[in-house]
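Breakdown of the fold
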Amino acid sequence: MEVTSAVLGHSAMSIKEFFGFGGYERPAEGYFSWQHLTFVSLLTLVMIVSAILLGIKNRSKTAAQKNHVLVFAAISIDLFELFKIVILCIRHNDAMHWVNVLPLFLCSIQLIALPIAAFSKGRLKEASLDFVTVFGMLGAILGTYCAGNNYAAYPVLSFDNVWSGITHTIAGFASLYIIVAGMTDMKRRNIPLTASILGGFCVAAYIANVFTDCNYMFLSRGDGTPYDIVYNLVNGNPVLYPLSVVLLFVIYITVFYYVYYAAVRCGKSKNENGVPSKI
């Protein structure tokens, strides 16, 4: 009985420690520690392999059949996020803590964009697919390898980092799957609509930052992420810094579309010369 009680007590403490109830007793291994890099690399490997295998498997199927995977990803990412919000509200003993975790980060926009891409139709679906494609993989990288704000503060195998890693790699999975499965043509006419989705969230994030102590979209400060480079370059100027971050988004969108169209042209050229296209 004593052994059983000890085991149960240890299990309860392990669960409490994993979720961070009462704070983490273990120290954070550190940003770019081997534990951090190993964990996120394993997540990224699963993300890439599963996206490529499912994308190849479904590439010749109908649009509706391809969409089933996207529906599953959309439901999964939102369920994980809702569970996280509930846990954080309990952990902080504050039913209103959800105000601090609104989907107003670049990565968390996928919580809205991915379901729209999965369940909508027409041009809205096209633009949402493009948005997930453009920003899903970027968000996965920023939220895993570049998340100094998380991995410098919490143990690697903790609720905060494990859940964050899962949701970010689901977004990256969706992005890569859409490309491999051939679900988007990245039409030029949808670029303004895709950009406006990002612009709307940037405005909402900036307003939320003004009225709260949050740092949505990292428009207020870098918080240990690569945005610190930009923040330091402009000496934290409250006008230049957020404008610089938004400019980086615009540059990224431009480069992404340029590279995508160049790859498509290259694939078509090879196909015309008798070499099977990979695009």
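What you see is a predicted model; the values in this text were computed from it and never measured.

Analysis parameters
- Residues numbered from 1 in each chain as written.
- Predicted model: local features only at pLDDT ≥ 70, side-chain atom pairs only at ≥ 80, totals over all residues.
- Heavy atoms only, no water.
- Salt bridge = Lys/Arg side-chain N within 4 Å of Asp/Glu carboxyl O.
- Helix = DSSP H or I, 4+ residues; strand = E, 2+ residues; numbered from the N terminus.
- Buried < 20%, exposed > 50% of the residue type's maximum accessible area, 1.4 Å probe, protein only.
- Patch = residues over 30% accessible without salt bridge, like charges linked within 9 Å, V, L, I, M, F, W, Y side chains within 5 Å.
- Areas by Shrake-Rupley, 256 points an atom, 1.4 Å probe, with all protein chains shown as cover.
- Phe/Tyr/Trp six-rings, centres within 6.5 Å; stacked < 30°, edge-to-face > 60°.
- Lys NZ or Arg CZ within 6 Å of the ring centre and 35° of its normal.
- Disulfide = S-S within 2.5 Å.
- Axes fitted to C-alpha atoms, helices over the stretch in contact; angles between N-to-C directions.
- Parallel < 35°, antiparallel > 145°, perpendicular 65-115°, else oblique.
- Left-handed = near helix turned anticlockwise from the far one by under 90°.
- Nonpolar A, V, L, I, M, F, W, Y, C, P; charged D, E, K, R; others polar.
- Contact = heavy atoms within 4.5 Å.
- Lys, Arg positive; Asp, Glu negative; His and termini not counted.
- 1 Å grid on protein atoms, 1.4 Å probe; cavity = no way out; pocket = protein on both sides within 12 Å on 5 of 7 lines; lining within 4 Å.
- Points joined across faces, edges and corners; volume = space filled by probe spheres on them.
- Core = buried A, V, L, I, M, F, W, Y, C linked by side-chain atoms within 4.5 Å.

**A short note on the pattern of salt bridges**
- Applying the stated criterion across every chain yields a total of 6 salt bridges.
- For D160, the salt bridge identified is with R91, shortest N-O distance 2.8 Å. Within this pair, whereas D160 is found in helix α7 (residues 159-181), its partner R91 is found in helix α3 (residues 63-91), the two being separated by 69 residues in sequence. Exposure class is identical for D160 and R91. Each is buried.

**Things to note about a nonpolar patch on the surface**
- Taken together, the side chains of V246, L247, L248, V250, I251, V255, Y258 and V259 present a nonpolar region at the surface, about 710 Å² in accessible area.
- Here V250 is to be found in helix α10 (residues 240-272).
- When its relative accessible area of 44% is taken as the criterion, V250 is described as partly exposed.

**Some thoughts on the packing of aromatic side chains**
- Going through the model one piece at a time under the given rule, you end up with 21 aromatic pairs.
- What links up through ring pairs into an aromatic cluster is the set F18, F19, F21, F80, F83, F159 and W163.
- If you follow R188 out to its NZ or CZ, it ends over the ring of Y261, 4.1 Å from the centre.

**Observations regarding the environment of C89**
- One can find C89 in helix α3.
- You can call C89 buried: its relative accessible area is 14%.
- Taking the C-alpha atoms as reference points, C89 and I75, 14 residues apart in sequence, are found 21 Å from one another.

**Quick word on the state of the cysteines**
- Under the counting rule described, the total for this entry stands at 0 disulfides.
- Left without a disulfide partner, C89 is nearest to the cysteine sulfur of C214, which lies 13 Å away.

**Focus: the packing of α3 against α7**
- With their axes 10 Å apart at the nearest point, α3 and α7 run at an angle of 165° to one another. Considering the angle they form, α3 stands roughly antiparallel to α7. Two packed elements cross with a definite hand, and for α3 against α7 that hand is left-handed.
- Class assignment for the residues of the contact of α3 with α7 results in 18 nonpolar, 2 polar and 5 charged.

**Remarks on the packing of helix α4 (residues 110-119) against helix α5 (residues 122-142)**
- The contact between α4 and α5 brings their axes to 8 Å, and the two run at 135°. By the angle class used here, α4 and α5 are oblique. Like other packed secondary-structure pairs, α4 and α5 cross with a definite hand, here left-handed. Along its contact with α4, which presents Q110, A113, L114, I116, A117, A118 and F119, the element α5 presents L124, K125, S128, L129, F131, V132, F135 and G136.

**Brief notes about the environment of A147**
- Along the chain, A147 turns up in the loop between α5 and α6 (148-151).
- In sequence terms A147 and D223 are 76 residues apart; their C-alpha atoms lie 9.3 Å from each other.
- Ignoring sequence-local partners within four residues, the contact set of A147 consists of Y31 and L142.

**Structural notes on the side chain of K66**
- As for its placement among the helices and strands, K66 is situated in helix α3.
- Buried and without a salt bridge, K66 has D185 as its closest oppositely charged side chain, separated by 8.5 Å.
- Not counting residues within four places of it along the chain, the set of residues in contact with K66 comprises N58, R59, K61, Y177, A181, G182 and M183.

**A look at unusual backbone geometry**
- Of note in the backbone geometry, N93 takes a positive phi value of approximately 50° without being a glycine.
- Within the secondary structure layout, N93 lies in the loop between α3 and α4.
- Look at D223: it is not a glycine, yet its phi comes out positive at around 55°.
- Tracing the backbone shows D223 in the loop between α8 (191-211) and α9 (227-233).

**A few points about the layout of surface pockets**
- Size it by volume and the largest pocket reaches roughly 1000 Å³.
- Around the largest pocket, the lining is made up of 43 residues, and of these K84, V101, F105, N149 and N150 lie nearest the centre.
- It is α7 that contributes the most residues to the lining of the largest pocket, 6 residues altogether.
- Of the residues that constitute the lining of the largest pocket, the class distribution is 21 nonpolar, 15 polar and 7 charged.

**Some words on the nonpolar core**
- Core analysis: the biggest nonpolar cluster contains 57 residues, and L70, L106, L114, L198 and M217 have the highest contact counts within it.
- Among the secondary structure elements, those contributing two or more residues to this core are α2 (34-58), α3, α4, α5, α7, α8, α9 and α10.

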